[in-house]
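This is what each chain is made of:
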Amino acid sequence: MATIPLFPLSNALFPAGVLHLRIFEVRYLDMIRRCIADGTEFGVVALLAGNEVRSPEGQEVLADVGTLARIDAWDAPMPALLQLRCIGTQRFRLVSSQLAKYGLWMGEIEPIPDAPPLPVPAPLQPCADALGRLVAQWQQEGVPADRMPVAPPYRLDECAWVADRWCELLPLPAADKVRLLALMDPRARLEAVRIALEGPQA
């Protein structure tokens, strides 16, 4: 088990996912500078209650599953502002958490093993095809690679990768995203995506 700094967000990060952050709160500026200096990762956990920016009356409730984030690129346009591009690495279970100095959350975590790569099952292939069309559209529109909502390599033949990208992109409630992140079977995650993409049936 390891103890790491946590970054609560209203959205969930999945393995191989891209996360763009603007850091301006003291509690995170300090933490991110340490991560950059040491080459260490931090944990992203979804907020089930409370706000990303701390308020005196706010009460943050953290999800019990999250994903480690590696800082891929950063910039400091102003002294008290950091702009980051992060990549999700490994899922973890949050065993315990506590508030540290300046209101920074620290968490004791256990890694969740990655599922072996699985091909996209034929009935779920339309989910992969739709994601492929979306990536092609962004490319045709000239979206720079470092601003894309998804990062290469585009593993459109891999069940977990396709499911995870849709889980990040779809406007699902935080609690639903956490439930999907916790699923061990990527096929079950992609099936849930298929249902969400098709919408309510008449």
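Residues numbered from 1 in each chain as written. Predicted model: local features only at pLDDT ≥ 70, side-chain atom pairs only at ≥ 80, totals over all residues. Heavy atoms only, no water.

Our next topic: helix H5 (residues 186–198). When the terminal C-alpha atoms of H5 are compared, their 18 Å separation across 13 residues agrees well with the 18 Å that a helix rising 1.5 Å per residue should span. Among all positions of H5, only Pro186, Arg189, Leu190 and Val193 are buried. All buried residues of H5 project into a common sector of 95° when viewed along the axis, lining one side. Looking at the buried side of H5, the elements it contacts are strand E5 (81–99), helix H2 (125–140), helix H3 (159–169) and helix H4 (174–182). Its side-chain oxygen at 2.9 Å from the backbone nitrogen of arginine 187, aspartate 185 defines the N-terminal cap of H5. (Helix = DSSP H or I, 4+ residues; strand = E, 2+ residues; numbered from the N terminus. Expected span 1.5 Å × (residues − 1). Buried < 20%, exposed > 50% of the residue type's maximum accessible area, 1.4 Å probe, protein only. Arc of directions from axis to C-beta. Contact = heavy atoms within 4.5 Å. Polar contact = N/O pair within 3.5 Å; in protein donor to acceptor, adjacent residues only side chain to side chain.)

It is worth spelling out the packing of aromatic side chains at this point. What the rule picks out here adds up to three aromatic pairs. Aromatic pair tyrosine 154 and tryptophan 161: ring centres 6.3 Å apart, planes at 65°, arrangement edge-to-face. With relative accessibility at 26%, the residue tyrosine 154 sits in the partly exposed group. Taken together through their ring pairs, the aromatic side chains of Phe7, Tyr28 and Phe42 make up a single cluster. (Phe/Tyr/Trp six-rings, centres within 6.5 Å; stacked < 30°, edge-to-face > 60°.)

Take the packing of H3 against H5 next. Direction vectors running N to C along H3 and H5 enclose 40°, while the axes themselves pass 8 Å from each other. With respect to H5, the element H3 is oriented oblique. Every pair of crossing elements has a handedness; the one defined by H3 and H5 is left-handed. Mapping the contact onto sequence places Cys159, Ala160, Val162, Ala163, Asp164, Trp166 and Cys167 in H3 and Pro186, Arg187, Arg189, Leu190, Val193 and Leu197 in H5. In the contact of H3 with H5, the residues fall into 10 nonpolar, no polar and three charged. (Axes fitted to C-alpha atoms, helices over the stretch in contact; angles between N-to-C directions. Parallel < 35°, antiparallel > 145°, perpendicular 65-115°, else oblique. Left-handed = near helix turned anticlockwise from the far one by under 90°. Nonpolar A, V, L, I, M, F, W, Y, C, P; charged D, E, K, R; others polar.)

Ranked by size, the top nonpolar core spans 23 residues in total, and within it Val120, Cys127, Val162, Trp166, Leu190 and Val193 carry the most contacts. Elements represented by at least two residues in this core include exactly strand E4 (61–78), H2, H3, H4 and H5. If one sorts the elements of this core by residue count, H3 sits on top with six residues. Residues contacting valine 162, with those up to four places away along its chain left out, are Val120, Cys127, Ala128, Leu131, Arg155, Leu156 and Leu190. Grouped together as the second largest cluster of nonpolar side chains are 19 residues, Phe7, Met31, Cys35 and Cys86 included. (Core = buried A, V, L, I, M, F, W, Y, C linked by side-chain atoms within 4.5 Å.)

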